[in-house]
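# Observations on the model geometry
In case you want the letters, here they are:
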Amino acid sequence: MLLDVRGLKKVYEGRQRPVEAIRDLTFGLDAGDLVCLVGPSGCGKTTLLKCMAGLLAPTEGEVRLRDKRITGPPPGMAVVFQEYGRSLFPWMSVRDNVELPLRNKGIARRQRQDLVAQALAVVGLADAHHAYPWQLSGGMQQRVAIARAVAYQPDVLLMDEPFAAVDAQTRADLEDLIRDLWRKLGVTILFVTHDIDEAVYLGQRVIILSSSPTVVREVLGVDLPERRDQLTTRSDSRFTELRAHVYAQIQAAKRESMEILATFGRAGSGKSSRSQSEAKSV
Amino acid sequence: MTNLLTRIGLALALPVVLFAAWWFGTEGSDNFYVPPLREILRTFPEVWTGERIRADVLPSLIRLAAGYTVAVFAGVCLGVLVGSRRRVRAVLEPVLEFFRAIPPPVLVPVIMLFAGIGDTMKVVVIAAGCVWPILLNTVEGVRAVDGVLADTCRSYGITGPARLRHLVLRSASPQIAAGMRQALSIGIILMVISEMFAASNGLGFTIVQFQRSFAIPDMWSGILLLGLLGLALSVLFRLAESRALAWYHGQRRAQRGLR
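Just so you know, these numbers come straight off a predicted model, no measurement behind them.

### As for the overall build of chain B
For chain B, the helix and strand inventory stands at 11 helices and 0 strands. Listed by position from the N terminus, the elements making up chain B come as α-α-α-α-α-α-α-α-α-α-α. Classification of the 259 residues of chain B by burial places 33% in the buried group. Looking at chain B alone, contacts between residues at least 24 apart form 73% of all its contacts between residues at least 6 apart.

Next up, the structure:
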């Protein structure tokens with residue numbers, strides 16, 4: 001197992017009372033997996049991803065990469081955030097944005113240039129080297145962030161609702177880009193999303209989370225053909241079945257949490273969902 | 001092109017009006033202390049010869065440059081430290097606000113006690129006055145580093161000096177520049193004031209000398225020169241800033257365009 005999440009629990013020390021974002025999560029990713037993680041909004045997806053990226057220390061349990069416990073951001077892991085506008089350096093050109101992590105990694109200049117050029121070509125931005133990120137559309141900015149992750153040559157790529165703030169058409173293109181990259185590069189991808197269709201379309205497996213306090217509700221194998229495309233896959237009857245199944249699970253999770261809510265009060269604060277609606281309203 | 005001409009026209013309109021008002025308002029003046037502008041302008045090239053510029057204007061500017069450089073360096077270094085450490089900030093912030101509230105000119109007599117009346121005193125006075133806006137703005141800029149960008153840096157292993165250089169200083173640079181702009185005008189004021197107390201050369205010294213020897217048009221011409229110097233420095237600053245912060249202004253424009 002390449003990436004192993006064991007008994008993960010995260011409790012935030014809130015102002016009035018501690019907030020349990022994640023109760024107990026255990027799952028794993030093998031090398032070369034493309035796994036999607038879905039859950040109702042506010043179920044702690046971002047918290048989980050930050051714990052896995054070594055950006056946040058879990059309260060209990062651990063995340064292991066190649067059987068080594070993660071205590072800080074490990075080398076060999078790249079993260080693509082939802083807020084593309086805030087994850088790129090606005091003072092650097094597209095090329096410098098992609099190159100900086102490589103410079104920091106100590107890769108020689110020639111090789112760096114090759115990696116940057118390849119990564120930008122792969123995401124379809126071969127002619128945007130000298131632009132600044134803010135001169136590009138939202139979808140293109142997220143492509144730059146993906147190129148940066150690709151050029152870094154990670155073993156594991158974590159993506160936190162990366163397409164939540166782009167329009168539907170761009171989103172479909174970017175989904176296909178991710179499938180493409182995954183097949184070409186053999187990188188292990190964990191893709192966090194709140195979009196059920198996206199999860200089923202992209203993943204080999206879909207991990208369905210419960211509402212907060214979060215546990216794994218189901219791990220669903222996606223037995224769709226390897227080659228997927230927006231038109232045929234999405235109209236495939238198996239796709240519709242799987243999607244309906246995931247939808248039912250999420251609804252059930254929400255219903256249960258409503259019952260819990262009625263007795264105990266609210267736990268998840270839904271920060272990522274909030275920033276999505278903000279991004280859309282712009 | 002017409003846009004540029006309109007902007008230049010707008011920028012020059014008020015100065016022209018003020019200049020005309022001064023000119024015609026003092027045209028027939030027989031008040032000894034308010035000579036006609038014509039008289040002042042006639043004196044100007046006689047007073048500010050190459051020799052005098054070398055002997056008085058240049059030393060002033062060198063002291064200004066030295067004091068300002070020290071202030072920028074100290075303000076940014078200390079500001080980064082205070083801005084990135086919550087503990088340090090909690091301890092220092094009230095004290096910093098206190099020192100900032102002290103009008104810099106009152107520092108002159110105090111600093112004279114420690115640093116004498118030479119160039120050191122003047123440089124220290126300028127630096128001590130200029131450092132506050134730079135320091136406080138740097139603190140704010142460093143505190144406001146975006147959380148997502150900071151996470152991005154961490155996850156790519158960009159830490160230590162690389163983080164300081166590529167993330168902290170760059171993202172605080174618009175605020176640092178704002179502090180530096182405020183500091184520049186404070187610096188010019190202190191340059192003149194420090195020379196009025198105890199000096200043997202410099203612009204402030206010369207202007208006071210003219211006043212004491214009742215060379216009133218000469219005194220006015222010195223004030224005019226000071227104004228022009230201040231203007232030139234601020235134009236230079238703006239040019240440098242718009243080059244260094246092109247990304248920032250571009251980003252702001254792009255964000256406004258979306259709304």
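### Considerations on the overall build of chain A
Helices and strands together make up the secondary structure of chain A, namely 10 helices and 10 strands. Its C-alpha atoms give chain A a radius of gyration of 19 Å, near enough to 19 Å, the size a compact globule of 282 residues would have. In chain A, which comprises 282 residues, the share counted as buried stands at 45%.

### Some details on the interface of chain A and chain B
Each partner contributes residues to the interface: chain A has 22 residues there, and chain B has 18 residues. Taken together, the elements giving at least two residues each to the side of chain A that touches chain B come down to β6 (77-80), α2 (84-87) and α3 (94-105) of chain A. The residue makeup of the side of chain A that touches chain B, split by class, is 17 nonpolar, 3 polar and 2 charged.

### Quick look at the nonpolar core
Inside soluble globular proteins, nonpolar side chains tend to come together where they are buried. Leu37(A), Val38(A), Ala147(A), Leu158(A), Phe191(A), Val206(A) and Val246(A) are the most contacted members of the largest nonpolar core, which totals 80 residues. For this core, the leading source of residues is helix α5 (residues 138-151) of chain A, giving 7 residues. Contacts of Val38(A), omitting those with residues within four sequence positions, involve Thr193(A), His194(A), Ile196(A), Ala199(A), Val206(A), Ile208(A), Leu209(A), Val246(A) and Ile250(A). In this structure, Val124(B), Val125(B), Trp132(B) and Phe210(B) belong to the second largest nonpolar core, which totals 42 residues.

### So, the packing of helix α8 (residues 160-197) of chain B against helix α10 (residues 216-244) of chain B
All names here are of chain B. Put simply, α8 and α10 touch, their axes get as near as 11 Å, and they point 160° apart. Classified by the angle their axes make, α8 and α10 are roughly antiparallel. Taken as a pair, α8 and α10 cross one another with a handedness that is right-handed. Together, Ala177, Arg181, Leu184, Ile188 and Val192 of α8 and Leu226, Gly230, Leu233, Ser234, Phe237 and Glu241 of α10 make up the contact between the two elements.

### Observations regarding the UniProt feature "domain: ABC transporter" (unreviewed entry) in chain A
Residues given the UniProt feature "domain: ABC transporter" (unreviewed entry) here are residues 3-236 of chain A. End-to-end, the C-alpha atoms of residues 3-236 of chain A are 31 Å apart, and along that stretch the chain is 35% helix and 26% strand.

### Notes on helix α6 (residues 119-143) of chain B
All names here are of chain B. Taking 1.5 Å of rise per residue, the 25 residues of α6 would be expected to cover 36 Å, and the 36 Å separating its terminal C-alpha atoms lies within 8% of that figure. A maximum bend of about 35° is found in α6 at Val131, where proline Pro133 lies one to four positions downstream. With 21 of 25 residues buried, α6 is to be regarded as a mostly interior element.

### Focus on the packing of α3(A) against helix α4 (residues 109-122) of chain A
Helix-helix packing is characterised by the crossing angle of the two axes and by the distance between the axes. Residue and element names in this part refer to chain A. Between α3 and α4, the shortest axis-to-axis distance is 10 Å and the interhelical angle comes to 135°. The angle between α3 and α4 falls in the class oblique. The way α3 lies across α4 gives a crossing that is right-handed. Side by side, α3 and α4 meet where Arg95, Val98, Glu99, Leu102 and Arg103 of the first sit next to Arg112, Leu115, Val116, Ala119 and Leu120 of the second. For the contact of α3 with α4, a count of residues per class yields 6 nonpolar, no polar and 4 charged.

### So, unusual backbone geometry
The backbone phi angle of Glu161(A) is positive, close to 40°, even though this residue is not glycine. For Glu161(A), a count of 24 C-beta atoms within 10 Å gives the class buried. For Phe214(B), which is not glycine, the phi torsion reads 55° and is therefore positive. Mapped onto the secondary structure, Phe214(B) falls in the loop between α9 (203-212) and α10. Residue Phe214(B) is classed as exposed on the basis of its 10 C-beta neighbours within 10 Å.

About the cut-offs
- Residues numbered from 1 in each chain as written.
- Chains lettered and ligands numbered in written order.
- Predicted model: local features only at pLDDT ≥ 70, side-chain atom pairs only at ≥ 80, totals over all residues.
- Helix = DSSP H or I, 4+ residues; strand = E, 2+ residues; numbered from the N terminus.
- Buried ≥ 20, exposed ≤ 12 C-beta atoms within 10 Å, placed from the backbone.
- Contact = placed C-beta atoms within 7 Å.
- Rg over C-alpha atoms; globule rule 2.2 N^0.38 Å.
- Nonpolar A, V, L, I, M, F, W, Y, C, P; charged D, E, K, R; others polar.
- Core = buried A, V, L, I, M, F, W, Y, C linked by C-beta atoms within 7 Å.
- Axes fitted to C-alpha atoms, helices over the stretch in contact; angles between N-to-C directions.
- Parallel < 35°, antiparallel > 145°, perpendicular 65-115°, else oblique.
- Left-handed = near helix turned anticlockwise from the far one by under 90°.
- UniProt positions renumbered as here; feature names shortened; annotations may be inferred.
- Expected span 1.5 Å × (residues − 1).
- Bend = angle between axes of the 7 residues up to and from the residue.

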